[in-house]
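Structural overview
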Amino acid sequence: MHRKVKLLLASVALALGGFSGAAALAEDFKVAFFASSAQNGFNQAVYEGVVAKAKEMGVETSIYDGQFDAALQYSQIEDVLAGNQFDGFVVVPNDTVGIAGAVEQVGAAGKPLVTALFPIGPDLARLEPQVPGVTATVASPPAEGAKVQAEDVVKFCEGKDPCNVVIIIGQKIYPFDNLRQEAYLSVLGAHPNIKVVASGEGNYDPDKSLTVMQDILQANKDIDVVLSNADQHLVGVEIALRNAGYDVSGLYLSGGGASSIAVEAIREGRWDATLAYFPVTMGKLALEAVVKKLKGEDVSVAVDMDKVGPLPALVTKAVLDQHPDFKGEWAQ
């Protein structure tokens, strides 16, 4: 992962040094990308899309590592704004509510800011800008996707009583992760045969998820389903299940991200589903929106990734069979 970040940064330097022709006549805009974590594979893929679109449009870009720390990301935005070296901002927010103050400062300075992956504001189901300073949102409504995942679990659990479910989310301190878990529980709780026996925080990290799942399995010996909002979690979960003697092909494993690892696992029958995200496409659309705003062009203020992606929201083997060339836009 570290190597990929270095390669992406190197690609920016090469691209900037190699602009010619029409690109050399561009406005020399500079756009700052604020990752929730630059070591996270999904964020790296979003930045890959930002870099690709920046090169195409003749724009310079730099990445800032939020380290999954909301306070750090807030101060980074303030510091970069104060430095006045960047014309626009793309943010993958760590805290979709707490970051509002920094976003408002960006808006007051007259600089466009596009949020990717999540809306910024109190209503995570609303993609239209809620906070002054947000130019556009490029995201998927998190609760809607979580409901789709949980409804597929319900189908799997038909005829199983009890059907024991483990939920692994990112971090409970974040509103979007709480919203996903609430959506899971709301759907699953309507079915008496389904028992949520444990939940854990994987922090979007395979190693952390492995440890969390190992601890869960010590107290719960009969698991039918692992429902998660991130493919990274399932990488660790699968290892823990195999080490505990489970045949994962007989379980139901659902992740999130439509990563290349998930696509392969679903095709092989080890996992069952992943909620589709297209981070490279997301990064391209976010960067494009910032530059369009800087040029005074019309910008769509709400881009629903569930509607603009190449696949349906829930990716299953049946879906992949219909799209044999799809590889996923990121690794994990």
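Everything in this summary refers to the structure shown in the same document. (Residues numbered from 1 in each chain as written. Predicted model: local features only at pLDDT ≥ 70, side-chain atom pairs only at ≥ 80, totals over all residues. Heavy atoms only, no water.)

Considering all chains together, one arrives at eight salt bridges under this definition. A salt bridge links E56 to K53; the shortest N-O distance between them is 3.1 Å. Pair noted here: E56 and K53 are both in helix α2 (residues 41-57), with a separation of three residues, about one helical turn. Between R180 and D177 there is a salt bridge, and its shortest N-O distance comes to 3.2 Å. Taken together, the residues R180 and D177, both in helix α6 (residues 175-188) and three residues apart, mark about one turn of the helix. For D177, a relative accessible area of 0% corresponds to the buried category. Overlapping salt bridges, with partners in common, bring together E238, R242, E268 and R270 in one network. (Salt bridge = Lys/Arg side-chain N within 4 Å of Asp/Glu carboxyl O. Helix = DSSP H or I, 4+ residues; strand = E, 2+ residues; numbered from the N terminus. Buried < 20%, exposed > 50% of the residue type's maximum accessible area, 1.4 Å probe, protein only.)

Two elements in contact, helix α3 (residues 70-83) and helix α4 (residues 100-108), have axes whose closest approach is 9 Å; the angle formed by their N-to-C orientations is 15 degrees. The pairing of α3 with α4 is recorded here as roughly parallel in orientation. Note that α3 runs across α4; the crossing there is left-handed. On α4, the residues touching Y74, I77, E78 and L81 of α3 are G101, A102, Q105 and V106. Within the contact of α3 with α4, the residues separate by chemical class into five nonpolar, two polar and one charged. (Axes fitted to C-alpha atoms, helices over the stretch in contact; angles between N-to-C directions. Parallel < 35°, antiparallel > 145°, perpendicular 65-115°, else oblique. Left-handed = near helix turned anticlockwise from the far one by under 90°. Contact = heavy atoms within 4.5 Å. Nonpolar A, V, L, I, M, F, W, Y, C, P; charged D, E, K, R; others polar.)

Attention now moves to α6. Taking 1.5 Å of rise per residue, 14 residues should cover 20 Å, and α6 covers 20 Å from first to last C-alpha, within 8% of that figure. For α6, every residue scored as buried is listed here: F176, D177, R180, Q181, A183, Y184, V187 and L188. The buried residues of α6 occupy an angular sector of 155 degrees when projected down its axis, which confines them to one face. For α6, the exposed residues lying more than 90 degrees away from the buried face are E182 and S186. The inward-facing, buried residues of α6 contact α5 (142-157), β6 (163-169), β7 (194-201) and β8 (225-228). (Expected span 1.5 Å × (residues − 1). Arc of directions from axis to C-beta.)

On to the sheet that holds strand β12 (residues 314-316). Pairing is mixed across the open sheet formed by six strands, whose spatial order is β7-β6-β8-β9-β10-β12. Strand pairing shows two members of the sheet lacking a second neighbour, β7 and β12, which therefore form its edges. Shown here is a sheet whose adjacent strand axes are inclined to one another by a mean of 20 degrees, direction ignored. Seen against the sheet, helix α8 (residues 231-243) touches β6, β8, β9 (252-257) and β10 (273-276) and runs at an angle of roughly 150 degrees to β9. (Pairing = 2+ DSSP bridges.)

Here we come to unusual backbone geometry. Glycine aside, the phi torsion of most residues is negative, and most peptide linkages are trans. D161 connects to P162 through a cis peptide bond whose omega is 5 degrees. Mapping P162 onto the fold places it in the loop between α5 and β6. Positive phi values are uncommon outside glycine, yet F68 reaches one of about 50 degrees. Topologically, F68 is positioned in the loop between β2 (60-65) and α3. Non-glycine residue Y204 carries a positive phi angle of around 55 degrees.

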